[in-house]
Amino acid sequence: MSTKHITNIPKTPLRFVLMASKPYWVFAVFAMLAMSIGTAMLAFIPYIFKRVVDLVSTLPVIDPSEIWFWTIAYVVVSFVGGLMMRMSGFIGLNWAAGARAYGRRVLSEYVTQHSHNFFSNNFAGSIGSKISNASNGARTMVTEIMWGWVSFAITFIISFVLVFTTNVIVGYIFLAWVIVIVPINIFLIRKRLPLGMDVQQKETKLRGHTIDMLTNVSAMNDYARRNFELKRMNRLIDSRHIAGLKNWRFSEIILTTNTLLEGVFVAGMVFSTIYFWTQGIVTAGDVVLILTLVVSIRKTLAFIGQRFNEFAETIIEVKEGLEVILHDHEITDQADARLLKVTNGDIIFKDVTFKYEGKNVFSGLNLHIKQGERVGLVGHSGAGKSTLFKLLLRQYDITKGHVLIDDQDTSLVTQESLRNSIAVVPQDPLLFHRSLEENIRYGNLSATKDDMVTAAKKAQAHGFIEELPKKYKTLVGERGVKLSGGERQRVAIARAFLKEAKILLLDEATSALDSESELHIQAALEKLIQGKTVIAIAHRLSTLRSMDRIIVLNKGRIVQDGSHEDLLKEKGIYADLWAHQAGGFVKE
């Protein structure tokens with residue numbers, strides 16, 4: 001189901017549930033109707049019991065046909081009522097499951113539009129948990145509202161009316177039971193909520209540590225830190241265990257309180273009813289009616305505090321998830337944003353100023369990279385090389401100035417069309433836990449198998465892929481963990497071959513390759529970059545010798561710009577870096 005019409009996602013749990021339920025409103029209406037009819041019919045059964053008992057106690061004076069009427073009525077009402085409840089289940093599952101799926105779809109779509117900065121500041125596992133909590137919470141709230149609170153309200157109202165019509169005094173005892181138990185439970189719930197929140201926070205911390213440890217299990221084994229990690233884990237487990245016990249213990253206090261109150265008021269209702277029966281004020285059927293109603297509602301009232309608390313915790317989980325996910329997007333497309341059309345690949349940074357966390361990274365930067373020009377970026381760590389890439393891809397918005405591609409301001413075009421026009425080979429390729437074929441085709445989803453194989457061959461990846469048991473169908477593991485660094489890099493390069501973009505960004509594209517593979521890749525890249533605008537970052541300066549220009553950055557400023565030979569003659573930073581090469585890398 002499409003979610004494109006959703007522009008403003010509600011940040012409050014109940015409104016979020018209403019939004020997620022909107023596509024399924026027909027199911028919601030009919031499920032609520034079926035549930036209401038079923039609940040009302042089942043709540044009416046104690047009255048049928050009363051009529052049957054009253055009639056039986058008068059035999060043989062009265063016509064037995066009336067007894068048969070109410071007996072048949074019981075069978076029909078219980079059967080139809082149960083059938084209506086099951087019907088509400090079949091219809092309601094479409095509503096509840098649909099609300100969860102729609103909520104997850106909307107939140108996933110929203111979160112993927114967040115900026116690079118958002119994902120840098122939030123743990124991916126935590127974001128995934130928040131999406132799950134919010135969407136699962138929407139389903140839980142639907143089921144709790146319909147089969148929990150609305151059903152209970154209907155049962156309570158009917159029971160209340162039946163008790164009062166039987167005997168006003170017993171009805172007042174019943175009313176007093178509810179008046180006392182509800183505020184006491186609300187008070188106890190407020191006391192318990194911080195304990196529940198503490199459990200959730202400790203559970204989140206424990207889950208995060210577990211994921212962190214398992215993600216870095218190789219480092220743990222390499223440094224023989226298994227016992228160290230387990231000690232940290234055990235401390236978190238113990239903390240979670242203690243918090244859980246406190247929360248559970250308080251829950252038992254609530255249940256015990258409700259049980260004691262239940263004993264007092266149930267005794268009052270039962271004793272009063274029996275007394276009135278002995279006085280001839282109520283009938284034997286009235287006694288059965290009240291006893292049946294007490295059995296029907298006592299369990300619900302005994303657990304009302306726990307239900308209140310669980311529902312409140314669900315709301316809190318949904319609220320926390322929405323607060324994290326639904327932060328305003330830092331980078332958004334303008335309402336009239338156009339599609340970027342790249343025909344040449346001409347790039348201009350015009351008077352660009354960029355601040356990050358209050359610190360100037362670039363101030364008045366001007367740089368023109370012409371169509372088809374191959375430019376290398378050099379500089380120490382923190383010089384601004386990677387940031388320049390991020391600004392070109394609009395992973396951050398610049399503070400002042402303009403970034404132009406073929407005279408089109410990148411802030412005025414859609415982010416999707418911008419990034420679709422640029423191929424990137426990062427220093428640390430991130431692969432999906434999917435097959436090699438799917439990972440390579442990520443560069444061009446419409447590529448044929450022959451195109452994919454050709455790209456793999458150019459990237460020197462075909463050879464090692466063919467040696468794998470499942471070849472291109474081989475799963476690469478989480479983040480490509482089943483492949484070596486060089487193999488992951490070659491898969492990323494194959495993607496770039498397949499994308500056919502006019503602009504190519506290379507961030508240490510050959511850094512993870514052995515010398516022999518690097519020679520082959522360099523030759524392949526020479527073919528790839530033909531007719532493309534290329535910007536390459538490299539610490540291994542030898543890989544930039546064939547570039548048309550080499551730009552040296554220092555603290556966000558261009559301090560040198562020229563060919564390899566020209567920069568060596570200038571005796572500046574580049575010449576110093578070249579002279580200090582150790583194994584072909586820039587000495588930091």
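Just so you know, these numbers come straight off a predicted model, no measurement behind them.

K.L.:
Any chance you could explain the overall build of the chain here in plain terms?
P.N.:
A tally of regular secondary structure across the chain gives 20 helices and ten strands. A globule of 588 residues ought to have a C-alpha radius of gyration of about 25 Å, yet the chain, at 35 Å, is considerably larger. Counting only C-alpha atoms and orienting by the principal axes, one finds that the chain spans roughly 120 × 50 × 50 Å. Here the chain holds 588 residues, and 45% of them are scored as buried. Of the contacts made within the chain by residues no fewer than 6 positions apart, 77% connect residues no fewer than 24 positions apart. When the accessible surface of the chain is split by element, carbon and sulfur atoms take 59% of a total near 30500 Å². Seen as two clouds, the 67 positive and the 55 negative side-chain charges of the chain have centres 3 Å apart.

K.L.:
Before we go on, may I ask you to explain the sheet that holds strand β7 (residues 503-507) in this structure?
P.N.:
Sheet strands pair via backbone hydrogen bonds, and the direction of the pair is either parallel or antiparallel. Read across the open sheet, the six strands follow the order β6-β7-β8-β3-β9-β10; overall the sheet is mixed. For this open sheet the edge positions go to β6 (422-425) and β10 (557-562), each flanked by a neighbour on one side alone. This sheet shows a mean twist of 20° between the axes of neighbouring strands, independent of strand direction. Contacts between helix α17 (residues 485-499) and the sheet are confined to β6 and β7, with β6 contributing the most and set at about 170° to the helix.

K.L.:
Explain a positive patch on the surface to me, please; I cannot follow it from the model alone.
P.N.:
On the surface, a cluster of positive charge is contributed by Lys205, Lys231, Arg232 and Arg235. A total of three residues in the positive patch trace back to one element, the largest contributor, which is helix α9 (residues 226-278). Residue placement: Arg235 occurs in helix α9. Taking relative accessible area as the criterion, Arg235 reaches 54% and is therefore assigned exposed.

K.L.:
What should I look at first to understand the packing of aromatic side chains in this one?
P.N.:
Using the criterion set out here, one finds 17 aromatic pairs in the structure. With a centroid separation of 5.1 Å and an interplanar angle of 40°, the aromatic rings of Phe44 and Tyr47 are classed as tilted. Residue class for Phe44 comes out partly exposed when judged on its relative accessible area of 34%. An aromatic cluster of three or more residues is present, and its members are Phe152, Phe156, Phe160, Phe164, Tyr172, Phe174 and Trp177. Here the guanidinium or amino end of Arg434 rests over the ring plane of Phe432, the centre of that ring lying 4.1 Å away.

K.L.:
For this particular structure, what's the right way to read the nonpolar core?
P.N.:
Where a protein is soluble and globular, its nonpolar side chains tend to be buried together. Within the largest apolar cluster, 42 residues are counted, with the highest numbers of intra-cluster contacts made by Ile440 and Leu504. When residues in this core are grouped by element, the largest group, seven residues, is from α17. Those residues in contact with Leu504 that sit more than four places away from it in its chain are Ala423, Ala496, Leu528, Ile529, Thr533, Val534 and Ile535. Ranked by size, the runner-up nonpolar core spans 33 residues in total, among them Ala20, Phe118, Trp149 and Phe311.

K.L.:
Can you walk me through the domain arrangement of the chain in this structure?
P.N.:
When the parts come together, some accessible area is lost, and that loss is often what is quoted as the size of the interface. Segmenting the chain into domains produces domain 1 (1-167 + 319-327), domain 2 (168-281) and domain 3 (357-585). Tallying the contact residues gives nine residues for domain 1 and 15 residues for domain 2. Of the roughly 1100 Å² buried between domain 1 and domain 2 on both sides combined, carbon and sulfur atoms contribute 71%. At the junction of domain 1 and domain 2, the tally comes to three residue pairs in polar contact (both at pLDDT 80 or more). Counting residues per element, the side of domain 1 that touches domain 2 draws most heavily on helix α6 (residues 124-166), which supplies six residues. Per-class residue counts for the side of domain 1 that touches domain 2 are five nonpolar, three polar and one charged.

K.L.:
I would appreciate a short explanation of helix α2 (residues 25-43) in the present structure.
P.N.:
Residues spaced three or four apart along an α-helix face the same direction, because each turn holds 3.6 residues. In this model α2 runs 26 Å from its N-terminal to its C-terminal C-alpha over 19 residues, within 8% of the 27 Å that 1.5 Å per residue would give. What α2 keeps buried is the set Ala28, Ala31, Ala34, Met35, Gly38, Thr39, Met41 and Ala43. Structurally, α2 contributes buried residues whose contacts are with α3 (45-56), α4 (65-111) and α6.

K.L.:
Even after reading the chapter, I still don't get the packing of α6 against helix α7 (residues 168-215), so can you show me in this structure?
P.N.:
Two measures define how a pair of helices packs: the angle their axes make with one another and the distance between the axes. As a packed pair, α6 and α7 sit with axes 13 Å apart at the nearest point and diverge in direction by 170°. Between α6 and α7, the angle falls in the class roughly antiparallel. Each of Ser129, Phe156, Ser159, Phe160, Val163 and Phe164 in α6 lies in contact with α7, whose residues at this interface are Val168, Val170, Gly171, Tyr172, Phe174, Leu175, Val178 and Arg207. Looking at the contact of α6 with α7 residue by residue, the class counts come to ten nonpolar, three polar and one charged.

K.L.:
Would you mind going over the pattern of salt bridges with me for this structure?
P.N.:
Per the counting criterion, the structure on display carries 16 salt bridges. The partner of Asp397 in a salt bridge is Arg394, and the shortest N-O contact between them spans 2.7 Å. Between Glu437 and Arg441 there is a salt bridge, with the nearest N and O atoms lying 2.7 Å from each other. Residue Glu437 and its partner Arg441 are located together in helix α14 (residues 436-441), separated by four residues, close to a single helical turn.

K.L.:
Sorry if this is basic, but what is going on with the side chain of Asn247 here?
P.N.:
Tracing the sequence through the fold places Asn247 in helix α9. The class for Asn247 is buried, based on a relative accessible area of 11%. When sequence neighbours within four positions are dropped, the list of residues in contact with Asn247 reads Arg192, Leu195, Gly196, Val199 and Glu313.

K.L.:
Would you mind showing me how to read the layout of surface pockets here?
P.N.:
Over the atoms rolls a probe the size of a water molecule, and its path tells where empty space is left. Its boundaries defined by the atoms lining it, the second largest pocket holds a volume of some 350 Å³. What lines the second largest pocket is a set of 14 residues, and nearest its centre among them are Thr215, Glu478, Arg479, Gly480 and Val481. Mapped by element, the contributors of at least two residues to the lining of the second largest pocket are α7 and α8 (217-222). Examining the composition of the lining of the second largest pocket, we find that three residues originate from one element, α8, more than from any other. The residue makeup of the lining of the second largest pocket, split by class, is six nonpolar, four polar and four charged. In this structure, the lining of the second largest pocket is formed jointly by two domains, domain 2 (168-281) and domain 3 (357-585), each of which donates at least three residues.

K.L.:
What exactly am I supposed to notice about the sheet that holds strand β4 (residues 400-405) here?
P.N.:
Here we have four strands laid out as an open sheet, ordered β2-β1-β4-β5, and antiparallel in their pairing. Of all the strands in the sheet, just β2 (359-369) and β5 (408-409) have a single pairing partner and so form its edges. In the sheet, β4 pairs with β5 via two bridges, with the strands oriented antiparallel. Note that in β5 the partner of Leu404 across the bridge is Asp409.

Conventions and cut-offs
- Residues numbered from 1 in each chain as written.
- Predicted model: local features only at pLDDT ≥ 70, side-chain atom pairs only at ≥ 80, totals over all residues.
- Heavy atoms only, no water.
- Helix = DSSP H or I, 4+ residues; strand = E, 2+ residues; numbered from the N terminus.
- Rg over C-alpha atoms; globule rule 2.2 N^0.38 Å.
- Buried < 20%, exposed > 50% of the residue type's maximum accessible area, 1.4 Å probe, protein only.
- Contact = heavy atoms within 4.5 Å.
- Areas by Shrake-Rupley, 256 points an atom, 1.4 Å probe, with all protein chains shown as cover.
- Lys, Arg positive; Asp, Glu negative; His and termini not counted.
- Charge placed at Lys NZ, Arg CZ, Asp CG, Glu CD.
- Pairing = 2+ DSSP bridges.
- Axes fitted to C-alpha atoms, helices over the stretch in contact; angles between N-to-C directions.
- Patch = residues over 30% accessible without salt bridge, like charges linked within 9 Å, V, L, I, M, F, W, Y side chains within 5 Å.
- Salt bridge = Lys/Arg side-chain N within 4 Å of Asp/Glu carboxyl O.
- Phe/Tyr/Trp six-rings, centres within 6.5 Å; stacked < 30°, edge-to-face > 60°.
- Lys NZ or Arg CZ within 6 Å of the ring centre and 35° of its normal.
- Core = buried A, V, L, I, M, F, W, Y, C linked by side-chain atoms within 4.5 Å.
- Domains from an automatic or database assignment.
- Buried area = accessible area lost by both parts, 1.4 Å probe.
- Polar contact = N/O pair within 3.5 Å; in protein donor to acceptor, adjacent residues only side chain to side chain.
- Nonpolar A, V, L, I, M, F, W, Y, C, P; charged D, E, K, R; others polar.
- Expected span 1.5 Å × (residues − 1).
- Parallel < 35°, antiparallel > 145°, perpendicular 65-115°, else oblique.
- 1 Å grid on protein atoms, 1.4 Å probe; cavity = no way out; pocket = protein on both sides within 12 Å on 5 of 7 lines; lining within 4 Å.
- Points joined across faces, edges and corners; volume = space filled by probe spheres on them.

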